[in-house]
Amino acid sequence: MDSAEKRALTSIGKEPRFRDVLKKLTIGDKIVDGDKAYILAVAMVLIRRYQEDRRYTSYADLAYYIILKYSLQHKDYAPLFDFAVNFGFYPIAKDLLRNGLYEGNPITACLGDIQLDRFRNAEEATLTLEQHLESSNFLSEKARETCYLAPTSFGKSSLIVDQIRQLGNHPCKIVVIVPTKSLLIQTLQMIREAGLRRKLMVHDEMFDGEESFIAIFTQERALRLLTKHDTYFDLIFVDEAHNLLKGDSRSILLSRVIKKNRTINPDHRVIYLSPLVHDANNLRLTTDQNISSHVIKFNVKEPEIFELRLNKEVYQYNRFLNLPYKIAEDIELGNYLISASGDKNFMYNYRPVKVEQLARELCDIVPVIETTEAIDQLARILSSEVHPDFYAIDHLKHGVVYLHGKLPDLVKEYLEFKYKNLPELKYVVANSVILEGMNLPIDRLFIFNTRSLQGKELMNLIGRVNRLNTIFGHGENRLSRLLPKVHFINNEEHYRVRSKMENKIKLLRSRVFEDLVKNPTLAAFDIEALSIPASSKEKYVEKVASIQENEEFLASATDTKENQIRAYLIQSGIIEFYTDPSTVIERFVRVSPMLANNPPLSWTSASMMEKIEYIFLRNIGDISDDEVSRLSYPETRSYYENHILIAQKRALNENIHAQVHYFNDRVKHGDSKMYFGLSYGEEPLETDAYPKSSKRAYVDLSNKSDQELVNLAVVKLKMEDDFVGFKLNKLIVMLFDYNLISVAEYNRYIYGTTDEQKIQLTKYGLSVSMIARLEADGQLGNLQFDDFNNLRATPAFEDYLLTVNDFYRFEIKRYIG
């Protein structure tokens, strides 16, 4: 919504009758017959104004809102049907006809029903006219670079399959780049089920010189494939492409993948998919790129916004007029949450530790649910597979689950699966982990913290409520879900003192938000356009300059040994561990030839962590990464040796018990301060290396109860897996790439085994502990890869699955096609 539209709508809102009738319509008050005709006439005027100048999309949005609210409140669906047919909102028209809600001319209805069938896709879903036209144009697009921008749940992912199908049997090296492991698994399942008859890869080391494949990779694996092999991609899909705009290290890696592939294969095609990018040109790496856009401008959902204030008053907002209407007062938080809840409720919070706290508080508010066998079974499984003291078990009694990125992936995904499929589970408390790769059934949203939520992030969050596939085609009238209910909950415990979310709510007046380009490698990057606090601007400018210098360095010649190693450090991301990498580069140049060709016994007999400490840490004062710097301590190195070589082979519950034992052992020996990072840390720890540290990154284990220790162990295991996967493994891989460790060492630390079959299964995504259990149960021989790298099971394995519990069955079936 531009300033002219805002001024116009504000002016219209000052007209007394319109203001009064729209308020009644917004809050659900009864409207008399004369006002019904009046407000519908206003909607018609707004539509005509939009038709005269189609830049004024907010006029069409307001007209649709008026008609939708009127039709649902008064059960008079003729205006909604007429609008839906004429404006191309065909899923609404189809549902009105299917459910017998349109009482107009039966011949018109019959002919309309037949015509609407033309707009069904391969999944039998009816598309809007805009969706149909843009997706058709997108699929026939011949441009080298294309962007498809559509609201959440508008079928962007299915277009990946449609694009690949159009290639037929033509050889093509395809990669779908996804930001998270959860989305990788989800995308793998989607492509596997589509039966595209191409070799699938989910790990760069699965590549064996193929000329045709579909790779589902994170940007790290995509870059590694291009760096280590003489190959390239013909077609790149960048899912969640708005991540390119960010300024973090993974965004830099993503832009580096595209740039490197473009250099190797100038004729490549790149397809960007996103619900959040405003201008596709902001995704360009260079100004000579031309990215064509296919944009879905209109959303058939229009959120209803409520705010519970600290003074216990409740307001409902009309975003078009930017007006709040008081609808209740003296409302306690608990009563509000219960009365406003639907069948599936998403409670949003920010930090993982606060997600857990809110889940506990919610259980004190909502009543105990009626016990069912499904809930009892889930409680038993979590007790046996995780731990009897896992917080989530008690929450089940109240129909509550919680999700965040510090839960072990398998536990998180299993709880998602259960929330999705068990109606008894009414509440999910989560943070931003829910924004990518999770399609959960949600019909109410409660926001307890708006930190880091700007306009785009709010719209993306709200878009998770009432996904289109939960509204249309269910044989019943669910059109009220087109008005998803969103509740902003002011509070001082989870947000801030004198909490006031009104300003965040006002951001929602517009659906259109300019892109904030923070990635210094993009052509549109402008440091002056960013709001950088004066106190940190100098440091930020230095960081930006360093990133840009590194990218320029990669594009230049790397003929000397020093330059080659520096390039490797940049490509791998290891350079981010140092404020100045000169010392580690010099050491690598000096010692790597001897260690590779004639290693002394002191090297070959050293543990992996000792080798890492010697090469990357010893006597180096320029280490900027707190997690990596901990490896300077012998006890930390011993801990990670054990974690990699032993812990990853054990089942999750065994690791939790072992971790709790380790916690208690530290407390007993007077070493109770444990590193947990900023997401869970409660206090700083001053050390010789950091004598004045103020970062709350440590937890004092001696102050924790047995149950608290168990749940800290759960998240600590995930933190360690992330540290190993995203940081420690980079160092191990570099040692291997420079022949400083053997193949056997590499496989043992990276894959947990030297057995080739097990390595292949690990590359496909199966955990080391799962493979160990399958081997113990005599089932490895019942698994095999087909010609397209799908993991297939024999009938005997299917019988075996019937004998294991639901948690283990879920873990296995994520990967078996």
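Higher on the page you've got the structure.
Residues numbered from 1 in each chain as written. Predicted model: local features only at pLDDT ≥ 70, side-chain atom pairs only at ≥ 80, totals over all residues. Heavy atoms only, no water.

Novice: Mind showing me how you'd approach the packing of aromatic side chains here?
Specialist: Two descriptors summarise a pair of aromatic rings, namely the distance from one centre to the other and the angle between the planes of the rings. Counted under the stated rule, the structure contains 34 aromatic pairs. With a centroid separation of 5.1 Å and an interplanar angle of 80°, the aromatic rings of Phe87 and Phe298 are classed as edge-to-face. With Phe87 in helix H5 (residues 78-87) and Phe298 in the loop between strand S7 (291-295) and strand S8 (304-308), the pair connects residues that are 211 residues apart, well separated along the chain. Geometrically, the ring pair formed by Phe138 and Tyr148 is tilted, given 5.2 Å between the ring centres and 55° between the ring planes. (Phe/Tyr/Trp six-rings, centres within 6.5 Å; stacked < 30°, edge-to-face > 60°. Helix = DSSP H or I, 4+ residues; strand = E, 2+ residues; numbered from the N terminus.)

Novice: Help me understand the packing of helix H32 (residues 768-776) against helix H34 (residues 806-813) in this model?
Specialist: In helix packing, the relevant descriptors are the interaxial angle and the interaxial distance, both defined with respect to the helix axes. The contact between H32 and H34 brings their axes to 12 Å, and the two run at 110°. When the axis of H32 is compared with that of H34, the two are roughly perpendicular. On H34, the residues that touch Met770, Arg773 and Leu774 of H32 are Tyr808, Glu811 and Ile812. Split by residue class, the contact of H32 with H34 holds four nonpolar, no polar and two charged. (Axes fitted to C-alpha atoms, helices over the stretch in contact; angles between N-to-C directions. Parallel < 35°, antiparallel > 145°, perpendicular 65-115°, else oblique. Contact = heavy atoms within 4.5 Å. Nonpolar A, V, L, I, M, F, W, Y, C, P; charged D, E, K, R; others polar.)

Novice: I would appreciate a short explanation of helix H18 (residues 455-462) in the present structure.
Specialist: Given 3.6 residues per helical turn, the α-helix brings residues three or four places apart onto the same face. For H18, the tally of buried residues reaches seven of eight residues, placing the bulk of the element in the interior. Along H18, the residues that are buried comprise Gly455, Lys456, Leu458, Met459, Asn460, Leu461 and Ile462. Residues of H18 that are buried make contact with S8, strand S11 (345-348), strand S14 (444-447), strand S15 (485-489) and helix H19 (502-506). (Buried < 20%, exposed > 50% of the residue type's maximum accessible area, 1.4 Å probe, protein only.)

Novice: Please explain helix H22 (residues 582-597) as it appears in this structure.
Specialist: Compared with an ideal rise of 1.5 Å per residue, which puts 16 residues at 22 Å, H22 spans 23 Å between its outermost C-alpha atoms and is within 8% of the ideal. At Val591, H22 shows its largest bend, some 45°, and a proline, Pro593, comes one to four positions later. (Expected span 1.5 Å × (residues − 1). Bend = angle between axes of the 7 residues up to and from the residue.)

Novice: What exactly am I supposed to notice about the side chain of Arg256 here?
Specialist: With respect to the secondary-structure elements, Arg256 resides in helix H12 (residues 249-264). You can call Arg256 buried: its relative accessible area is 8%. Side chain to side chain, Arg256 and Glu551 meet in a polar contact 2.6 Å long. (Polar contact = N/O pair within 3.5 Å; in protein donor to acceptor, adjacent residues only side chain to side chain.)

Novice: Is there a simple way to explain the sheet that holds strand S2 (residues 173-177) in this structure?
Specialist: Paired through their backbone hydrogen bonds, the strands of a sheet run either parallel or antiparallel. Taken together, seven strands build an open sheet; the order of strands is S3-S4-S2-S5-S6-S1-S7 and the sheet is parallel. Pairing within the sheet leaves two strands with one partner each, and these edge strands are strand S3 (200-201) and S7. Here four bridges tie strand S5 (residues 235-238) to strand S6 (residues 269-274), and the two strands are oriented parallel to one another. Counterpart to Leu235 in the pairing with S6 is Arg269. Along the sheet face, helix H9 (residues 156-166) touches strand S1 (145-149), S2, strand S4 (213-217), S5 and S6 and points at about 160° away from the line of S6. Across the sheet, helix H11 (residues 219-228) is in contact with S2 and S4; its angle to S4 comes to roughly 130°. (Pairing = 2+ DSSP bridges.)

Novice: Would you mind going over the pattern of salt bridges with me for this structure?
Specialist: Two side chains of opposite charge can pair, provided their charged atoms sit close to one another. Summed over all chains, the structure comprises 55 salt bridges. A salt bridge links Lys199 to Glu210; its shortest N-O distance comes to 2.1 Å. A residue pair is termed long-range when its members are at least 10 positions apart, and Lys199 in the loop between helix H10 (181-194) and S3 and Glu210 in the loop between S3 and S4 qualify at eleven residues. Across the pair, Glu210 and Lys199 agree in class, each one buried. Residue Arg224 is joined to Asp737 by a salt bridge in which the shortest nitrogen-to-oxygen separation is 3.3 Å. On the criterion of sequence distance, the pair formed by Arg224 in helix H11 and Asp737 in helix H29 (residues 706-737) is long-range, its members being 513 residues apart. Classification of Arg224 as buried rests on a relative accessible area of 18%. (Salt bridge = Lys/Arg side-chain N within 4 Å of Asp/Glu carboxyl O.)

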